[in-house]
Amino acid sequence: MRDFKKFEVWQLSHQLTLKIYTSTKNFPKEEIFGLTSQIRRSFASIGYNISEGSGRHSDKEFANFINIALGSSNEAENQLILARDLEYLSEKDFQHLSEELTIIKKKLVALWNRLNGN
């Protein structure tokens, strides 16, 4: 059994999720069930899928969950763009969060490739 907490990509995604929770505290109150909830869910989903996949018995199953985590990271990126364009995030915060998300996406792809023998 794999320990998901030992994967650097999980550690990074967890830290970024914590930052997203902090960054979204000042979103408009009318967004609490809209963008605030969605962006938090998509960022958290990255780590959720890494942890769930790590408990699977085969590399193929784990790779499938890594692929789902990558999909969540793309959804999260789209929501970051929306938050910036709605001026809920400053350009500086957007850039910083986007850079961290890009690192996670690259690490997810690298892990997926390792699991698939590429």
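Since the structure is predicted, the reported quantities are computational estimates derived from the model, not experimental observations.

J.: Can you tell me about the overall build of the chain, naming the residues and giving the values?
T.: Secondary structure summary: the chain contains four helices and zero strands in total. The globule rule puts the C-alpha radius of gyration for 118 residues at 13 Å, and the 15 Å found for the chain is close to it. If you line up the chain on its principal axes, its C-alpha atoms span 45 × 25 × 20 Å. Counting across all 118 residues of the chain, residues that qualify as buried make up 38%.

J.: For the environment of F62, give the residues involved together with the corresponding values.
T.: Within the element layout of this structure, F62 appears in helix α3 (residues 59–85). F62 sits 49 residues away from L111 along the chain, and the two C-alpha atoms are 9.7 Å apart. Those residues within four positions of F62 in sequence are excluded, and the remaining contacts are R2, F7, I50, G53, S54, R56, L111 and L115.

J.: Give a detailed account of the packing of aromatic side chains, specifying residues and quantitative values.
T.: Applying the stated rule across the entire model yields three aromatic pairs. With a centroid separation of 5.1 Å and an interplanar angle of 75°, the aromatic rings of F4 and W10 are classed as edge-to-face. Plain terms: the ring middles of F7 and F62 are 5.5 Å apart, the flat faces sit at 75° to each other, and that makes the pair edge-to-face. Taken together, the residues span a long stretch of sequence, with F7 in the segment before α1 (8–23) and F62 in helix α3 at a distance of 55 residues. Over the face of the ring belonging to F4 we find K5, whose NZ or CZ atom lies 4.9 Å from the ring centre.

J.: Hey, could you go over the nonpolar core for me, with residue numbers and the actual values?
T.: Counting residues in each nonpolar core, the largest one holds 25 residues, and the members touching the most others are F43, I46, I50, I66, L80, L101 and L108. Put simply, the parts of the chain that give this core at least two residues each are α1, α2 (35–54), α3 and α4 (91–115). Ignoring sequence-local partners within four residues, the contact set of F43 consists of L16, T17, I20, A76, L80 and L101.

J.: Give me the lowdown on the pattern of salt bridges, citing residues and values where you can.
T.: The tally for this structure, following the rule as stated, stands at seven salt bridges. The residue E100 makes a salt bridge to K19 at a minimum N-O spacing of 2.8 Å. Taken together, the positions of E100 in helix α4 and K19 in helix α1 put the pair 81 residues apart, joining distant regions of the chain.

J.: Could you give me a rundown of the packing of α2 against α3, with the residues and numbers involved?
T.: Where α2 contacts α3, the two axes come as close as 8 Å, and the packing angle between them is 160°. Considering the angle they form, α2 stands roughly antiparallel to α3. Considering only the axes of α2 and α3, their crossing is left-handed. Broken down by class, the residue content of the contact of α2 with α3 amounts to 14 nonpolar, nine polar and two charged.

J.: Quick rundown of the environment of S23? Include the residues and the values.
T.: Along the chain, S23 turns up in helix α1. Spatially, the C-alpha atom of S23 lies 9.5 Å from that of L97, the residues being 74 residues apart in sequence.

Definitions and limits used
- As a convention, each chain's residues are numbered from 1 in the sequence order in which they are written.
- Note on the predicted model: pLDDT of at least 70 is required for a residue's local features to be given, and 80 or more for side-chain atom pairs to be given and counted; whole-chain, interface and lining totals, by contrast, use all residues.
- The side-chain figures draw on all heavy atoms in the structure; neither hydrogens nor water molecules are used.
- Labels follow the DSSP assignment, with helices taken as runs of H or I lasting at least four residues and strands as runs of E lasting at least two, numbered in each case from the N terminus.
- The globule rule is 2.2 Å times the number of residues to the power 0.38, and the radius of gyration it is compared with is taken over C-alpha atoms.
- Exposure is judged per residue with a 1.4 Å probe applied to protein chains only, and the accessible area is read against the type maximum: over 50% gives exposed, under 20% gives buried, and values in between give partly exposed.
- Contacts are residue-level and defined by heavy atoms, with any inter-residue pair within 4.5 Å sufficient.
- Pairing of aromatic side chains here covers Phe, Tyr and the six-membered ring of Trp, requires ring centres within 6.5 Å, and sorts the geometry by plane angle: under 30 degrees stacked, over 60 edge-to-face, intermediate tilted.
- Only Lys NZ and Arg CZ are tested; either one counts as a charge over a ring when it is within 6 Å of the ring centre and within 35 degrees of the ring normal.
- To qualify as a nonpolar core, a set must consist of buried Ala, Val, Leu, Ile, Met, Phe, Trp, Tyr and Cys residues joined through side-chain atoms within 4.5 Å.
- By salt bridge we mean one thing: a side-chain nitrogen of Lys or Arg within 4 Å of a carboxyl oxygen of Asp or Glu.
- Lines are fitted to the C-alpha atoms to define the axes, a helix being fitted only along its stretch in contact, and any angle between axes, read from their N-to-C directions, falls within 0 to 180 degrees.
- Note that the term roughly parallel is reserved for angles under 35 degrees, roughly antiparallel for angles over 145, roughly perpendicular for angles of 65 to 115, and oblique for everything else.
- Crossing chirality is assigned from the near helix's rotation relative to the far helix, an anticlockwise turn below a right angle marking it left-handed and a clockwise turn marking it right-handed.
- All residues other than Ala, Val, Leu, Ile, Met, Phe, Trp, Tyr, Cys, Pro, Asp, Glu, Lys and Arg, Gly among them, are scored as polar; the first ten of these are nonpolar and the last four charged.

This is a description of form; function is not addressed.
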